[in-house]
Amino acid sequence: MTVTKSIATTTTTTTQGHTVTVNETILPRKYQEEIFRRAQEHNIIAALDTGSGKTLISILLIKWIVLQPKAISKVVVFLVPKVALVEQQAEFISAQTPLRVRKFHGSLDLELSDRANWKRSFENADVVVMTAQIFLNILTHSHWSVDRVSLIIFDECHHTRKNHAYNGIMREYFQVHPAERPKVFGMTASPVWNPKDAEGSLLTLEKNLDATVIAVREHTSELLENSPRPVEVIKEYHPPPDNYLYLIPNLWDTLSLFQSEDVDIPWDKLQMKYHVTRNSLGPYSADLFIYHEVRARVNQLLLELDASNDRIGDRFVDDDAMETDDPATHHSTPAVVPTDLGQIDSILSDFKSFFEDSNIFPPVVPIPVPLAWCTPKVKALTEILLAYHTPTFHGIVFVEQRQVAACLAKILSNVPELRGRIRCAELVGHGGGHSGRGKGGVNAGAGSGVNAKGMGLAKQQDTVRSFKKSFVEGGLNLLVATSVAEEGLDFPACDLVIRFDPLHHMVGYVQSRGRARTKSSTFVIMVQAGHTAHLDRYKVFQEIEPELKRVYQTRENPTRPASPESPSDSEEGELEEDDPADLAARERYIVPSTGAVLTYGSAIGLINYLCSLIPHDVYTPPATPKYSGDYAAILELPSGLPLPVDRLIYRGPARNSKREAKRAVAFMAVKALHKLDVFDDYLLPSTGSKGKSDYDADGRKLLDVSKIPDIMDVLVQDPWTLGPRLRMHVISIDGVDAAGLVTGTELPALDLTSDGHTITMRCTDELMFDPEEEWETLRTLEEYTKMGIWFCISGRPITLPLTCFLVPLTEHNCIDFEAVQRVVDEPYGTFDWSGVTEKDYDTMLVMNSNQYGRALILHKIRHDLTALSIPPPGTREASCATYQEYFVQRWTRKNRPAFVPTDCPLIEVFSLPRHPSGLYRPAAKLQGVDKNGRHTVPTRSIVPQGACRRVHFSELVYRAFLFLPRICRRATDIYRAREERVQLGLPPIADDLLIEGSTLPTTNAMWNNQRLETLGDSVLKLTSTVYIMNKFPHRHEGQLSQLRQSSISNRTLLARAKEIGLERFLTSEAQSLHAWRYTIPEGSDVVDRLTRANHTVQREYPRRSLQDCMEATLGAAFLTGGIDMALRAGDTLGMTMGGALPWSLRYSRPPEPSTVPPMFASLQASMGYEFHRCELLIEAVTHPSFSTSAGSSYQRLEFLGDAVIDLVVMRHLFQKFSDATSGQLSAARSRAVCGPTLASIAVNRLELHKHLLVNNVELSTAITRHVPLLESLSPEDAIIKGWKYDPPKALSDVLESLVGAVLVDSAYDFERTAAVVEVVMGDVLDVLSTNLPRDPVSELMVWAAVGGCKRIAFQQTQSNVELRRNDSVSVIVHDIAIVGPITAGNLSLSKGLAAERARALLGDPDFEMNLARLCDCGKTTEEPMDICPEPSGDEIASKTTDETEEGFATIAKQKLEEEYTPVTEAPEEPEDDLDDEAALTRI
C-alpha cells in the first residue's frame, strides 16, 4: 500500500439505519486520487501494477459511496477470487473504516441453505467481503439481490471471463434495470489475457464488467516512482539426464513390483505425478512424493481394516490405549491384510529413514540431499539463490504443480550448499483439502510430508505470517508457491522472484513479476536450453507489455459492446471455447414465487450439492451423479434419491461441446427435480441449517425470537383477585364442611388427598354485601384471614392486601360473622380461661405471650403444677431449680423480660405443625404419607396458663388454614390448565397431565414438566417425521432430516409458543409460602382491584421454559389420548404435523395385499406381524448398495423407524419408572436406542443379517465378522457395554427400517407397531433400568463436576496426519495430557476408552498425577458450581464442545443437573422459630 502521511477528517452519514462516522485517516497519492476521481463518475477497471495501491482506491470509493443517498439500505460487496484474500481484505477495510464489515468464505460456519442468517448477515453489514462463488450462490438462490448492492468491487477482475463466478455475477447484474444497478469497480495488474489481440481482450473484459479499463495518465512519473520495475534475468539450465547417481533400486521401482488391483491405490495417477516430479526435481524428490502419498494411503487402508475388525489395531494404538471387553478379538476371525498391501507397508518402512523423521514435527527431510540426486534445473536454482542471497533476503519461487512445490520446499533447506541460508516452505491452493486448525494449535494437514492435496486457509495464513518475519526471528526467507501467490496476498516486497516453470499467459507474467517490486529486485525466468518456444513466449510478453499499457492508457471513452451474452474472444490458457450456438441456446429458469434463478453455470453444482446430502456409511462411497455421453450427455442420479427409476436418468440435448452438454443435462435435471419438490422454491435441496431456518417444513414463517430475553417478564393467568363479584367456595375436610374460601373468581371444584385427609372444595354462592358496609366487611374478613395465615401458615404478619379470604361458616354454610368479629376484636386471643374444659383438650388453639406467632394446641391443664414447682429429673426443665427459673432463662430478651406468672397452673401443649408449602401430589402420584398421614409424635412442652391466650379460631377453621397453601396451589393449577385448554383450544387432556406439563422446575415441586418434556420430544419427533416423509415423498433422508430439524428445533418451538401466547399459562412460583403470595402487588391501586377483577399476575422465568412446555403438553396429550390426541394438540400448538386428522384417515394403503416372498416367512413369524405390502418389506431390507427394480433403499424407512423406536422405548420407560428424572429417562433410552443394542436385537431376535440385501464386499465381510460377537452378547451386555462395540451401522439401520415399514404397512397404526417393537425388543426392555452405570464419558464428567474441577477437556488428534481426519483422543487435565492419544476404530470408541482410563487414573490415590494433586479449582476465588443454575441461551448451548475446558465443565454441570433430584417434601417448621418481636411489642 502506497500512501502519504495521513490527515484525519471526519464525515457522518446514515446507512442501513445506523449513523456511521467515516474517519478518513489516509490520503492517496496524486495518481490514486486521479483514479478515484474517475471512479466516482463511471464504472471503471483500474489497471495498475501490483503494489501501486489499488486497494486504497477501493477504500476511498467505499467511503464515498456510503455517503450517497441511493446507498441507504444497501451494502458494498467486495469480491475476491481466493479464500485467503477474504481475511486479508476484510481486516484492511475494518482497520481503515468504521463500517460494519462481514466476511464469508467456504470455511466459515454458514451453510448455503441457512437463508435466515444470510439475510440477517447482509442486513447487519455495510461491507461484505467474500469469494465470488458464494456471492453468486446467494444471488441465484435469492438470499440477496443485485439491486440491494450499492457498489461491487472485483479484486483481480481479469478473471471476469468465460464461466468464472465473476462473470456469473455480472450476468445477474445485467438482468437488473440499469437504474437499479450498483457501481462497479475492478482492480487488476493485467487486464489483457491475449497479447495477440489486446484491443479485443480489453473490449471483452469491459463488456463483461460493464466498465472501462483505465490507467494513470496525468501522474505517471509518480506512479513509476512508487511502482518500480525489477531487473529481469533469463537463466538457462540443461535438460534432465536419463540416469542419476542415486539409490538402486529406488522406491518407485521397488513398489512397482507389488502394484495390483487388490490394493486400492491409484497407481496410474501417481505414476504420472511421479514422472512430472522426477523430470522437474530429480529422483529423490519423486521418491519423496511417492513415499508420503503411498504411506498416507496405506495407513488409511490398514486403519479401515483395523476398525472393521472391531478392535484397536496394534500398529495404531498408543501405549495408553485400554483393552476392550470385545470378545471379537478372541473369537472372531480378523480381516486378512492383503499380501501386496503388507509388502508395500514393509517397503515403506525400509525406506523411512530416507524420507521421514517421525520424531520431528512438522516432518522434515531427515538427510542431506546432494545435488547429484537433483536435476540440472534444481542445480541452476541453487546457483541463483546463492548468487542473490543476503542476510535480509526474501524470495519466491513459482512452480505449476502442488507436489512439485511441496517437494522442492522440503529439499532446498537440505541441499548442503544452501544449509543455514534458506528457510523454506510451500504455499499452495486449497484443492480438495480441509482447512482450519487441529487442536492444540497444530495445523491440520501440517504434518503431511508432501502436501499434494492442497493447503488449508489456516496453514496458508501461518505460512504468510512466517514469511513476513525476519530470518533471525525464525521466519521464512523463501516460498515455493503455485499461482496462489501471484494474486492479492499481502507479501513483503521480494528481493528475488523466480519463475521455475514456464510462463503460459500474460497474466501470470505480470502478476508473478509484481512480487518483485523494490528498486533492487530481480525477476528470474528459468528456461530449459533448447526450448525456444518458452523463451520466445517470454520475450513476446516482455516486448508487448509497454504497447499493451499504451492501449488502455491512451484510450478515451471507448465504446463497450452492449450485449453481455456475446461470446468472448479467443484467449490462451483455455482448454475449450464456449460455442456461440451453445451460448445462444442457453436458458434461465426463474422461480416466480422467490426469484431464485437456475442457470447453466449453477446446475451442476446444485446436482452435486443434492447428492452430497445423501447419507452413507463408512462402507459405502459418497453418492455422486454419473455423466456419460459426449455431445449429448446422459445424467444418472444416485439410487439413494427416492425417485421412480425413470426420474433417475436424464438425457440432455445435443451441444457443440462436451462441457456444455453436461451443463445442459444438469439444467434439465434441476428443473425436473424442482417440479418434483426435491429442490424447494429457492432451488435448494434443504430449507434450513441446524434448526436456524425462518420457516418450518410447511413454509410457514416463524416469529423472530432473537429479541426475546433469556429471562422473560410475563403476565400469567391467575384466579386470585377480588373485583365486584365475590364467590363462596366451601372447603370440606374428610367430608365435614370446615371453612369457606372467598375470592373474585369462580374456582373449579377440586379434591385433594394430603397427610391422610381428603380435602374437597366446591363453589356454592355469589356473595352479596350491603353496599354501604361492603368496604368494612371486606376489611374485617381480611383481618381475620391475615391472623389465621400468620398463626397457622407463615409465622409472620402480612402487610399487603389479600386476594382471597378464609372464613368460618355457620351450619348453613354462610359466613359466621360473629366468629370473625371475635378474632378481629381480640386478634391475639384472650387470657380468659373460664369455661375451658377437658372437651377443649387437643383442639383449642393457644398462644404463649412470650413466643407469639407460634400456634400451640392445648393438651391438658396441670392443676398440680405451678411455675414454682420443681421439675422432675430427666426433663428439659430439670436443669433449673424451678419451672420459673427455666422459663425466665428461655424467654428473656434484651428489650423485654420474660412474663412468667406463678399464681396459675401449668398447661401441657404441643406445637401446631405448620405447612407453609403448597406442595401436593395429584391422584396418580399419591404416596403412603398422603393417604395415611405422618406418624410422628408431637413434641410436648409445659407453659404457665397465665402466660397464654386462647385464640378464637375453631379446630375446623385452623385445620382449614393448615391446608390452605395446598388448596390455593391446587386451585391455581386447575384454573390455569382449564384456561389453557379453553383459550388455546386444546383437546381434553387430563387436568393433572396438563398441570404437570405447565409446571416449571423453578417451582421446586414434587414434579415438573421435565419428564413429560422428554416424552413429548419423542412424540414430536415421530409425528413430524411421519408428516414430512409423506409431504416430501421424493426427498432423501438427509433432506428429511434437515426439514425435521427446522420444524422441531427449540427456536421453532419457542416461536410457535410465543405466537399462541403459551407463556400465559405456565406455573413458575416456588412452593414455599413463608411470604404469602396471594396478595395485591405492592404499589397497585387497591380500589381498582376491588372494583375490577384482574386475572393476571406478573412472573419471571427462562424463555427456554416455553419450548419445554410445548413438548411437555404434547407428551401430556399423548398419554391422555395416544397419537390421535397428540396430533390434535400439536396442531393447536402450531407444530408441523400436517393437521389434526388421524393418520388412519390421512394416509391410506392399497386395499389388495401383495404376496410376500417365502424368504421372509421366518422373519414375519419372529416379528409377529404379516405384511400387507411386500414391497415395503423388500425396501426395508435393501441396503443402498443393492439395486432393485423399485430403486429405493431402506434409508427413508430407517429415518421413520428410528423415531418409532425412540417413542416406544421412551413411553415404556416413562410408565415403568414413574420416579425417574428426565435425565435418567434420556440416559436409559440412549442405551436402548443405539447402534450396538439395535444391532444385537437385529441379529439375535430377527436374524436380519440373513435377510439384508447388500452388494458390498467390505460391508458383507464386516457383518460376517460381527455376527458371532453380537450373538454372544446378552441383553445386559448390550445395554451396559455397548459403547465398546462398533458393529456395521447397516445392522441397526435395517431393524429401524423394518419398524418403519410396519408403521407404513399398518396404515400408520402406532399402537399396533408399538406392540411389534415391544415384542422384538422385549429382552432389552426387560433389563433396561434408570440406574445403569454411566458411560465412561458421562462418568468422567459427573465425577469431575462433583469434585469441582473445571479444567478438563478432550483433545482430538490424528494418528496419522496424512489421513486428514481426527481418530485419536486425549484427556487434558490442567494443561497436562493424562491419557492418550488413544486411537480406536472410530472416534466415539477412542473417546470412551480415553475417558475410562482417565477416570481410573485421576481417581487412583497412588497415581502421581491424580485429580487431588493436580486440581486447585476449589482453591480459587471462583464461585462454586450451582446445582440448579439459570439456563444459558440456546445459541451458546448449541456451540458448547467438550474440547474446551469451559465446554467440558458446562456439559458436566448439565449432566449432573439431570441426575439431581430436588427435595420432594417441604421441611417442617423448626422447633425454635424466631419470635415476632413487633407483634410482641404491640401486645
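Residues numbered from 1 in each chain as written. Predicted model: local features only at pLDDT ≥ 70, side-chain atom pairs only at ≥ 80, totals over all residues. Heavy atoms only, no water.

The helix and strand tally for the chain stands at 50 helices and 35 strands. Per-residue burial for the chain yields a buried fraction of 57% across its 1483 residues. Here the contacts in the chain between residues at least 6 apart in sequence split such that 75% fall between residues at least 24 apart. (Helix = DSSP H or I, 4+ residues; strand = E, 2+ residues; numbered from the N terminus. Buried < 20%, exposed > 50% of the residue type's maximum accessible area, 1.4 Å probe, protein only. Contact = heavy atoms within 4.5 Å.)

By the element assignment, His394 lies in the loop between α14 (376-388) and β11 (395-398). Its relative accessible area of 12% is what places His394 among the buried residues. A distance of 3.5 Å separates the side chain of His394 from the backbone oxygen of Lys469, its partner in a polar contact. (Polar contact = N/O pair within 3.5 Å; in protein donor to acceptor, adjacent residues only side chain to side chain.)

Let's shift gears to the sheet that holds strand β28 (residues 855-862). The strand order across the open sheet built from 5 strands is β30-β29-β28-β27-β31, with neighbouring strands paired in antiparallel fashion. Both outer strands of the open sheet, β30 (940-944) and β31 (948-950), are each paired with one neighbouring strand and no more. In this sheet, adjacent strand axes meet at a mean angle of 45° when their direction is disregarded. Pairing of strand β27 (residues 845-848) with β31, which is carried by 3 bridges, proceeds in the antiparallel orientation. Paired with Val846 across the strands is Arg950, a residue of β31. (Pairing = 2+ DSSP bridges. Axes fitted to C-alpha atoms, helices over the stretch in contact; angles between N-to-C directions.)

Turning to the packing of aromatic side chains, a few remarks are in order. One pass over the structure, following the stated rule, counts 34 aromatic pairs. Ring centres of Trp790 and Tyr828 lie 6.1 Å apart, and the angle between their planes is 90°; on these two criteria the pair is classed as edge-to-face. Taken together, the residues Trp790 in helix α22 (residues 774-794) and Tyr828 in the loop between α23 (817-825) and β27 connect sequence positions 38 residues apart. For Trp790, a relative accessible area of 2% puts it in the buried group. Of the residues examined, Tyr828 reaches a relative accessible area of 16% and is grouped as buried. Positioned above the aromatic ring of Tyr509 is the side chain of Arg513, whose terminal nitrogen or guanidinium carbon lies 5.0 Å from the ring centre. (Phe/Tyr/Trp six-rings, centres within 6.5 Å; stacked < 30°, edge-to-face > 60°. Lys NZ or Arg CZ within 6 Å of the ring centre and 35° of its normal.)

So, on to the sheet that holds strand β15 (residues 522-528). An order of β10-β15-β14-β11-β13-β12 is seen for the 6 strands of this open sheet, with the pairing classed as parallel. The sheet is open, and its two borders are formed by β10 (231-237) and β12 (424-427), each paired with just one other strand. Taking each pair of neighbouring strands and ignoring which way they run, the sheet shows an average axis angle of 20°. Note that strand β14 (residues 496-499) and β15 share 4 bridges and pair parallel.

Here we come to the nonpolar core. Formed by 190 residues in total, the largest nonpolar core has its most connected members in Leu741, Phe953, Phe961, Leu1022 and Phe1310. When neighbours within four sequence positions are excluded, Phe1310 is seen to be in contact with Leu1022, Phe1118, Ile1123, Trp1143, Val1204, Leu1207, Val1208, Arg1211 and Leu1303. With 162 residues, the next largest nonpolar core counts Leu85, Ile152, Val397 and Leu427 among its residues. (Core = buried A, V, L, I, M, F, W, Y, C linked by side-chain atoms within 4.5 Å.)

Attention now goes to helix α24 (residues 883-891). Regarding α24, the residues found buried are Tyr883, Tyr886, Phe887 and Trp891. One face of α24 carries all of its buried residues, which in axial projection span an arc of 105°. In this structure, the buried side of α24 is in contact with β27, β29 (906-911) and β30. (Arc of directions from axis to C-beta.)

This structure, assessed with the given rule, holds 49 salt bridges. Across the salt bridge formed by Asp677 and Arg1035, the nearest N and O atoms sit 3.2 Å from each other. In this pair, Asp677 sits in the loop between α21 (658-675) and β21 (711-717) while Arg1035 sits in the loop between α28 (1010-1031) and α29 (1037-1048), placing the two residues 358 residues apart along the sequence. Measuring nitrogen to oxygen at the nearest pair gives 3.0 Å for the salt bridge that ties Arg1056 to Glu1059. Within this pair, Arg1056 and its partner Glu1059 are both found in helix α30 (residues 1050-1060), separated by 3 residues, close to a single helical turn. The exposure class of Glu1059 is partly exposed, given its relative accessible area of 40%. Connected through salt bridges with shared partners, the residues Asp718, Arg976, Glu1069, Arg1077 and Arg1099 form a single ionic network. (Salt bridge = Lys/Arg side-chain N within 4 Å of Asp/Glu carboxyl O.)

The subject of this paragraph is the environment of Pro1275. Within the secondary structure layout, Pro1275 lies in helix α41 (residues 1275-1281). When residues no more than four places from it in sequence are discounted, the contact partners of Pro1275 are Asp1323, Val1324 and Val1327.

Where helix α10 (residues 267-281) meets helix α15 (residues 402-412), the axes come as close as 10 Å, and the angle between the chain directions of the two elements is 50°. Between α10 and α15, the crossing angle belongs to the class labelled oblique. Along this stretch, α10 crosses α15, giving a crossing that reads as right-handed. For the pair formed by α10 and α15, the contact residues are Lys273, Val276, Thr277, Ser280 and Leu281 on the first element and Gln403, Val404, Cys407 and Leu408 on the second. The class makeup of the residues in the contact of α10 with α15 is 5 nonpolar, 3 polar and 1 charged. (Parallel < 35°, antiparallel > 145°, perpendicular 65-115°, else oblique. Left-handed = near helix turned anticlockwise from the far one by under 90°. Nonpolar A, V, L, I, M, F, W, Y, C, P; charged D, E, K, R; others polar.)

Another aspect to go through is α28. Taking 1.5 Å per residue, 22 residues should reach 32 Å; α28 reaches 31 Å between its end C-alpha atoms and fits that length. Most of α28 is tucked away, with 18 of its 22 residues classed as buried. (Expected span 1.5 Å × (residues − 1).)

Moving on: the environment of Ile967. Within the secondary structure layout, Ile967 lies in helix α26 (residues 955-984). Given the relative accessible area of 1%, Ile967 is considered buried. In this structure, Ile967 is in contact with Ile731, Leu741, Leu750, Leu752, Ile759 and Met761, ignoring residues within four places of it in sequence.

The next thing to look at is the packing of helix α2 (residues 54-65) against helix α3 (residues 83-96). Taken N-terminus to C-terminus, the directions of α2 and α3 make an angle of 55°; their axes are 11 Å apart at the nearest point. As far as their axial angle goes, α3 and α2 are oblique. Our pair here, α2 against α3, has a crossing hand that is right-handed. Packed against α2, whose contacting residues are Thr55, Ile59, Ile62 and Lys63, the element α3 presents Gln89, Phe92, Ile93 and Gln96 at the interface.

Turning our attention to the pairing of strand β8 (residues 183-188). Within β8, 6 of the 6 residues are buried, leaving the element largely enclosed by the surrounding structure. Residues Lys183, Phe185 and Met187 of β8 are buried on one face, and the alternating residues Val184, Gly186 and Thr188, pointing to the opposite face, are buried as well. The sheet contact formed by strand β7 (residues 149-155) and β8 spans 5 bridges and is parallel. Counterpart to Ile153 in the pairing with β8 is Phe185. Regarding topology, helix α6 (residues 165-174) serves as the crossover connection from β7 to the parallel β8, and that connection is right-handed. (Right-handed = clockwise from strand over helix to strand, strands pointing away.)

What follows covers the confidence of the model for the chain. On average, residues of the chain carry a pLDDT of 83, and 85% of them reach 70 or more. The weakest mean pLDDT in the chain belongs to helix α12 (residues 328-331) at 39; the strongest belongs to strand β26 (residues 805-807) at 96. Note on residues 1-25: pLDDT is under 50 here. Beyond four places in sequence and across chains, it has 75 contacts. Contacts of residues 310-333 to residues separated by more than four positions or lying in other chains number 56 contacts, the stretch itself having pLDDT below 50. (pLDDT = per-residue confidence, 0-100.)

For the rest of this paragraph, the subject is the side chain of Glu1069. Mapped onto the elements of the fold, Glu1069 is located in the loop between α30 and α31 (1086-1091). At 2.7 Å, the side chain of Glu1069 forms a polar contact with the side chain of Arg1099. Every residue in contact with Glu1069, bar those within four places of it in the chain, is listed here: Arg969, Arg976, Thr1003, Arg1077, Val1097 and Arg1099.

As a further point, take the environment of Thr843. Secondary-structure assignment places Thr843 in the loop between α23 and β27. Between the C-alpha atoms of Thr843 and Glu955, which are 112 residues apart in sequence, the distance is 5.7 Å. In this structure the side chain of Thr843 is engaged in a polar contact, spanning 3.0 Å, whose partner is the backbone oxygen of Asp840.

For the rest of this paragraph, the subject is unusual backbone geometry. Among all residues save glycine, negative phi is the norm, and among peptide bonds the norm is trans. Omega for the peptide link from Ile248 to Pro249 comes to -5°, which places this bond in the cis form. Here Pro249 lies in the loop between β10 and α9 (251-256). With an omega of 5°, the peptide bond between Gly1380 and Pro1381 qualifies as cis. You can see Pro1381 is positioned in strand β35 (residues 1376-1383). Look at Lys162: it is not a glycine, yet its phi comes out positive at around 50°.

What follows concerns the state of the cysteines. Overall, the coordinates contain 0 disulfides when judged by the stated rule. Not part of a disulfide, Cys1417 finds its nearest cysteine sulfur in Cys1415, a span of 3.5 Å. With relative accessibility at 13%, the residue Cys1417 sits in the buried group. (Disulfide = S-S within 2.5 Å.)

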